[in-house]
Amino acid sequence: MLVKRFRFLFLSVMMIITSSCNSGEVIVATMPDSKSATFSVVEYTPAPGQFIGDTKSAGFSKEEPIATPEAAAAYAQQRIDKGLFISLGAFGGYVVVQCSPSIPNGGGYDFIISGNAFENSSEPGIVWVMQDVNGNGRADDLWYELRGSESQKEGTIYDYAVTYYRPEAEEQAVRWSDNRGGSGEVEYLRSFHDQPSYYPEWIDADSYTLRGTRLESQSYEKSGSGSQWINPFFGWGYADNASTEDSNGRDNYFDIAHAEDAAHNAVVLETIDFIKVQGAIVQQCGWIGEVSTEVTGFKTVVDE
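What comes next is a walk through the structure.

Parameters at a glance
Residues numbered from 1 in each chain as written. Predicted model: local features only at pLDDT ≥ 70, side-chain atom pairs only at ≥ 80, totals over all residues. Heavy atoms only, no water. Phe/Tyr/Trp six-rings, centres within 6.5 Å; stacked < 30°, edge-to-face > 60°. Lys NZ or Arg CZ within 6 Å of the ring centre and 35° of its normal. Helix = DSSP H or I, 4+ residues; strand = E, 2+ residues; numbered from the N terminus. Buried < 20%, exposed > 50% of the residue type's maximum accessible area, 1.4 Å probe, protein only. Contact = heavy atoms within 4.5 Å. Polar contact = N/O pair within 3.5 Å; in protein donor to acceptor, adjacent residues only side chain to side chain. Core = buried A, V, L, I, M, F, W, Y, C linked by side-chain atoms within 4.5 Å. Pairing = 2+ DSSP bridges. Salt bridge = Lys/Arg side-chain N within 4 Å of Asp/Glu carboxyl O. Expected span 1.5 Å × (residues − 1). Lys, Arg positive; Asp, Glu negative; His and termini not counted.

## A few points about the packing of aromatic side chains
All chains considered together, the criterion is met by 14 aromatic pairs. Through successive ring pairs, a cluster of aromatic residues spans Y44, F60, Y75 and W202. Note that K276 overlies the ring of Y94, its terminal NZ or CZ placed 5.4 Å from the centroid. Stacked on the ring of W128, the Lys or Arg K276 has its end atom at 5.2 Å from the ring centre.

As structure tokens, then:
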């Protein structure tokens, strides 16, 4: 999506009611204080998208193109350290961070992911957590998805996979196909993002597959002329989501106790060591482009 403006809601001692252009009232839950911790990017693998390779707002370099996965992770780390966004591109793109020290399951909200959502512009990302069970400091144990408001709803697709194909020439859309017989493309939008390609330059293969949970898109065009796309917020449990239930401004709050396995059984994790945020929507919104989760930072929650 185009770079978004931020709107901020204020913490209160108790639940407060504020005005909203959508519904007239927004109920904002009181959140505990938070502080920064050490979150190190260990992998940044976005799907193709209009901000991938963008040298303007997304900060990629013309002089030194990213050539390796390690360089991509370093780029993401530098952006997050400055509070700048990284885009996960279209469906399935993700970033993985290591938490130091481990984040304990505190019986309430445990950590925060910052994005750049605002009213009518939410681009939800699924959040996954991992405990370093084998103790090797690598993200190679089991990932557990954090339950959200759309979990197990009709329209939510688990084990959904999209394969993206490198364009044959510059300034072309990126084609994709999925594991359910569907296909489409990430459109090339020259007027807004004119880098040669939206396909990640550090991925050597001519195609790559991203797998995760797909949420049913709620986006729609409001004007009838193609000029006003609306991306409504989802209930709760997602990054980059201007929810009335678990967000304050650009921050979304997450509870480790919502972890579940592939069979949707609750999983008890005493601590977590890795967090993954993954784009969850397949949707092109005309001139605005693909729905793409953005991340600007991670924090822990300190219970008062």
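That covers the picture; the talk isn't over yet.
## As for the environment of D251
Along the chain, the position of D251 falls in strand 17 (residues 251-254). Taking relative accessible area as the criterion, D251 reaches 10% and is therefore assigned buried. For the pair formed by D251 and K299, sequence separation is 48 residues and the distance between their alpha carbons is 9.3 Å. Those residues in contact with D251 that sit more than four places away from it in its chain are I112, I113, S114, D246 and K299. Of note is the side chain of D251, whose polar atom sits 2.6 Å from the side chain of S114.

## Structural notes on the environment of S100
In this structure, S100 sits in strand 6 (residues 94-104). Sequence separation between S100 and T38 is 62 residues; the distance between their C-alpha atoms is 5.3 Å.

## Examining the nonpolar core
Judged by nonpolar contacts, the single largest core of 60 residues is most densely connected at Y44, V95, F111, I113, Y164, I275 and F298. At 6 residues, the largest contribution of residues to this core is made by strand 6. One finds I126, Y238, A280 and I288 within the second-largest nonpolar core, a separate group that totals 11 residues.

## A look at the sheet that holds strand 9 (residues 144-146)
Spatially, the 6 strands line up as an open sheet ordered 4-6-19-8-9-18, and their pairing is antiparallel. Two strands close off the open sheet at either side, each with one partner strand: strand 4 (38-45) and strand 18 (259-260). As defined by bridge partners, strand 4 adjoins strand 6 across 7 bridges and the pair is classed as antiparallel. By the bridge assignment for strand 6, F39 is matched with C99.

## Quick look at the side chain of T293
Residue position: T293 is located in the loop between strand 19 (271-279) and strand 20 (294-295). A distance of 3.2 Å separates the side chain of T293 from the backbone oxygen of P124, its partner in a polar contact. At 3.5 Å, the side chain of T293 and the backbone nitrogen of G125 are in polar contact. Not counting residues within four places of it along the chain, the set of residues in contact with T293 comprises I86, S87, L88, G89, E123, P124, G125, D240, V277, G279 and A280.

## Quick look at the pairing of strand 17
Burial along strand 17 is two-sided: the face carrying D251 and Y253 and the face carrying N252 and F254 are both buried. With 2 bridges joining them, strand 16 (residues 247-248) and strand 17 adopt antiparallel strand pairing. Counted as the bridge partner of S247 is N252 from strand 17. Turn length for the strand 16-strand 17 hairpin, with the two strands adjacent in sequence and antiparallel, is 2 residues, and the turn residue G249 shows positive phi of about 60°.

## Section: the pattern of salt bridges
Per the counting criterion, the structure on display carries 6 salt bridges. Residues D194 and K56 are paired through a salt bridge, measuring 3.4 Å at the closest nitrogen-oxygen approach. With D194 in the loop between strand 12 (183-186) and strand 13 (207-214) and K56 in the loop between strand 4 and helix 1 (69-81), this residue pair connects regions lying 138 residues apart in the sequence. A salt bridge links E171 to R190, with the nearest nitrogen and oxygen atoms 2.1 Å apart. Taken together, the residues E171 in the loop between strand 10 (157-165) and strand 11 (174-178) and R190 in the loop between strand 12 and strand 13 connect sequence positions 19 residues apart. Relative accessible area serves as the criterion here: at 35%, E171 is assigned to the partly exposed category. Residue R190 is classed as partly exposed on the basis of its relative accessible area, which comes to 49%.

## A word on helix 1
Taking 1.5 Å per residue as the helical rise, helix 1 with its 13 residues ought to reach 18 Å, and the 18 Å between its terminal C-alpha atoms agrees with that figure. Listed in full, the buried residues belonging to helix 1 are A72, A73, Y75, A76, Q77, R79 and I80. Buried residues along helix 1 sit in contact with strand 4, strand 5 (86-87) and strand 21 (297-301). G83 lies just past helix 1 and shows a positive phi near 75°.

## Describing the side chain of R79
Assignment of secondary structure puts R79 in helix 1. D54 provides the closest opposite charge to the buried, salt-bridge-free R79, at an N-O distance of 7.4 Å. Not counting chain neighbours up to four residues away, the residues in contact with R79 comprise S57, A58, G59, L84, F85 and I86.

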